[in-house]
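# Descriptive analysis of the structure
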Amino acid sequence: MSKINLEQFSKYSKPGPRYTSYPTALEFSEDFEYDSYIKYLEDGKEAISLYVHLPFCRSACYFCGCNVVFTSKSSKLSQYVEYLKREIDILVKHIDNSREVIQFHFGGGTPTFYSAYELDEIINYIKDKFPNWSREAEVSVEIDPRYFNREQMEVFKKHGFNRISFGIQDFEDRVQEAVHRVQPYELTKEAVDLAREFGIDSINTDLIYGLPYQTLESFKRTLEKVLTLNPDRFAVFNYAHVPWLKKTMRKFDETTLPSPATKLEIFQYTIEFFQDNGYKMIGMDHFAKPSDELFGAIAKGELHRNFQGYTTKGGANLVGIGLTSIGEGSRYYAQNSKDMKSYEAAIDSGRLPFERGVELSDDDYIRKAVIMELMANFSIDIARVEKTHNIDFNNYFEDALENLREFIDEGLVTLSKDKLKVSQTGTLLIRNIAMPFDAYMQKYSGSKKSFSKTV
Ligand code: SF4
């Protein structure tokens, strides 16, 4: 990767989507009605990917953008399990549960805030109601090393979990104190060692850059430490500072946040660090060993990005279960209620806790395919897009290509008859490069508070 010109790059630091979905969640609304969602579920034939949201945490990490419920009351946790079961009962009335489950993910919150016994109870219930699990299913969970024990690991092993993602963020004491998440290296290592002992195939660790007090030097120390854990995959996320949406982020002294130029330096160093240590970059913020199945998917143009990151199981119908969870079909996104009372009230009345979402128009559908291909593969196979969607790429995206001109002129994007390709340095700006293809950007151009900054 060529050395970046920090001044040149800083001009690209502007609000922009992360494109975990297209259209983005800002387009989700109640115009997408309950009966339409139910029809999509009933008509679906694809394999299923289940996402189950366990929203509870003991205390707030100030950087956190997830939908979390803070509690120390075990009665709240067990009440939620009862509602989850009832939600699943309603769900299976509307979905053919003989469809194959090829992916399962526990997200949160802190899934391991639940005891081994409760986790076992939830998984047994789901497996009972969705009995057709593929032998090759990708079964994963997010784990906070501060709340993780052997009994829980035994439950995950028993149920065939094969991917574990550990939250780390940063190993520096000063950063950990500022973000209100003190998690010593030794504790994290014990957690990773435990997963290894149980033969987990794929161990992922999450880091975040852009947190208070981080510098290039401090992040180098974190990278050295995390490398000793020898993960199979790393995710290194750009901290999304959106204090107007998340109250806990207001606790940060903004003068301690690294500048866009420092963040770019950190990320460029991170890319080189992982490459020097035998990892390859995937999409905009992931790294994996070259033997990882994700690279096979890239070669075939089959890598996909969804709310849980990068996956090879892109054709599946993602079904969200639990508070605030998001489901995805080829033509819709559907989100459950974010408010516990409304969530429970919907289930009490015998309905799914679906609250809002969006149905994709033909134009959304085409743009989603293009944006997701860019975010996953850093390129667009123009010939394939034209054939699949029966369009003339240059005509259809005339405006987008015009807006990409500055990236092309700066050598960050190359455009030929059959392919649009982002250079290695351009990958640092992939959100900016995807934005011209987004038909909704115009609508948000005056609003600084829609999205986090791209750099
Ligand atoms: S980062 Fe994880 S543990 Fe921390 S508040 Fe968010 S969901 Fe909870």
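Because the structure is a prediction, the values reported are computed rather than measured. (Residues numbered from 1 in each chain as written. Predicted model: local features only at pLDDT ≥ 70, side-chain atom pairs only at ≥ 80, totals over all residues.)

So, on to the overall build of the protein chain. A tally of helices and strands in the protein chain yields 18 helices and 19 strands. For the protein chain, the C-alpha atoms occupy an extent of roughly 60 × 50 × 40 Å along the three principal directions. For the protein chain, buried positions account for 42% of its 455 residues. At a minimum sequence separation of 6, the contacts of the protein chain that also span at least 24 residues come to 75%. (Helix = DSSP H or I, 4+ residues; strand = E, 2+ residues; numbered from the N terminus. Buried ≥ 20, exposed ≤ 12 C-beta atoms within 10 Å, placed from the backbone. Contact = placed C-beta atoms within 7 Å.)

It is worth spelling out the site of the ligand at this point. Taken together, Cys57, Ala60, Cys61, Cys64, Cys66, Val68, Gly108, Gly109, Thr110, Asp144 and Gly167 make up the full set of residues adjacent to the ligand. For the shell around the ligand, the class distribution of residues is six nonpolar, four polar and one charged. (Near = placed C-beta within 6 Å. Nonpolar A, V, L, I, M, F, W, Y, C, P; charged D, E, K, R; others polar.)

Okay, the domain arrangement of the protein chain next. Domain annotation for the protein chain reports domain 1 (26–320) and domain 2 (362–447). Inter-centroid distance (C-alpha atoms) of domain 1 to domain 2 is 28 Å. In this complex, domain 1 contributes 13 residues to the contact, which on the side of domain 2 involves nine residues. For the side of domain 1 that touches domain 2, the elements supplying multiple residues, two or more each, are helix 9 (260–276) and strand 11 (304–306). Each residue belonging to the side of domain 1 that touches domain 2 can be placed in one class, and the counts come to seven nonpolar, four polar and two charged. (Domains from an automatic or database assignment.)

Moving on to the nonpolar core. Core analysis: the largest hydrophobic core is formed by 96 residues, its most contacted members being Leu50, Ile371, Leu374, Met375, Ile430, Ile433 and Ala434. Take this core: its biggest share by element is seven residues, from helix 12 (residues 362–377). Both domains that meet at this core, namely domain 1 (26–320) and domain 2 (362–447), each give it at least three residues. In this structure, Ile326, Tyr333, Ala334 and Tyr343 belong to the second largest nonpolar core, which totals 15 residues. (Core = buried A, V, L, I, M, F, W, Y, C linked by C-beta atoms within 7 Å.)

Here we take up the packing of helix 4 (residues 116–129) against helix 5 (residues 150–158). Following both chains from N to C, one finds helix 4 and helix 5 inclined at 15 degrees, their axes separated by 8 Å at the closest point. By the criterion of interaxial angle, the relationship of helix 4 to helix 5 is roughly parallel. In terms of crossing hand, the pair formed by helix 4 and helix 5 is right-handed. Seen from helix 4, the contacting residues are Ala116, Leu119 and Asp120; seen from helix 5, they are Glu151, Gln152, Glu154 and Val155. Looking at side-chain class alone, the contact of helix 4 with helix 5 contains three nonpolar, one polar and three charged residues. (Axes fitted to C-alpha atoms, helices over the stretch in contact; angles between N-to-C directions. Parallel < 35°, antiparallel > 145°, perpendicular 65-115°, else oblique. Left-handed = near helix turned anticlockwise from the far one by under 90°.)

Let us look at the pairing of strand 14 (residues 326–329). With burial as the criterion, each face of strand 14 is covered, one bearing Ile326 and Glu328 and the other bearing Gly327 and Gly329. Pairing geometry for strand 14 and strand 15 (residues 332–336), over four bridges, is antiparallel. When the bridges of strand 15 are listed, Gly329 appears paired with Tyr332. (Pairing = 2+ DSSP bridges.)

Because an α-helix packs 3.6 residues into every turn, residues spaced three or four apart end up facing the same way. For helix 5, the set of buried residues is Gln152, Met153, Val155 and Phe156. Each buried residue of helix 5 sits inside an arc of 155 degrees when the element is viewed along its axis, so together they form one side. Turned more than 90 degrees off the buried face of helix 5, the exposed positions are Arg150 and Glu151. Tucked inside the fold, the buried residues of helix 5 contact helix 4, strand 5 (133–143) and helix 7 (185–197). In the stretch just after helix 5, Gly160 is the one whose phi turns positive, near 80 degrees. (Arc of directions from axis to C-beta.)

On to the sheet that holds strand 18 (residues 413–415). Taken together, the three strands give an open sheet; going across it, the order is 17-19-18, and neighbouring strands pair in antiparallel fashion. Taken across any chain shown, the strands that pair with only one partner, and hence form the sheet edges, are strand 17 (379–381) and strand 18. Here the strands of the sheet are splayed against their neighbours by 10 degrees on average, with no regard to which way each runs. With three bridges connecting them, strand 18 and strand 19 (residues 419–422) associate as antiparallel partners. Its bridge partner lying in strand 19, Leu415 is registered against Leu420. Packed on one face of the sheet, helix 13 (residues 382–389) meets strand 17 and strand 19 and runs near 50 degrees to strand 17.

Structurally, the position occupied by Lys220 is in helix 8 (residues 216–227). Sequence separation of Lys220 and Phe273 is 53 residues, and the distance between their C-alpha atoms is 8.7 Å.

A regular strand places its side chains on the two faces of the sheet in alternate fashion. Among the seven residues in strand 1 (residues 48–54), seven count as buried, and that is most of the element. Burial of strand 1 is two-sided: the residues Ile48, Leu50, Val52 and Leu54 facing one way and the residues Ser49, Tyr51 and His53 facing the other way are all buried. Relative to strand 4 (residues 101–108), strand 1 runs parallel, the two sharing seven bridges. Among the inter-strand pairings, Leu54 is bridged to a residue of strand 4, identified as Gly108. Where strand 1 and strand 13 (residues 317–321) come together, five bridges link them in parallel fashion. Bridged to Ser49 within strand 13 is Leu318.

The omega torsion of the bond from Tyr22 to Pro23 falls at -5 degrees, within 30 degrees of zero and hence cis. Its place among the elements puts Pro23 in the loop between helix 1 (6–10) and helix 2 (34–43). The phi torsion at His180 lies on the positive side, around 65 degrees, for a residue other than glycine. Relative to the assigned elements, His180 resides in the loop between helix 6 (173–179) and helix 7. Judged by C-beta crowding, with 15 C-beta atoms within 10 Å, His180 ranks as partly exposed.

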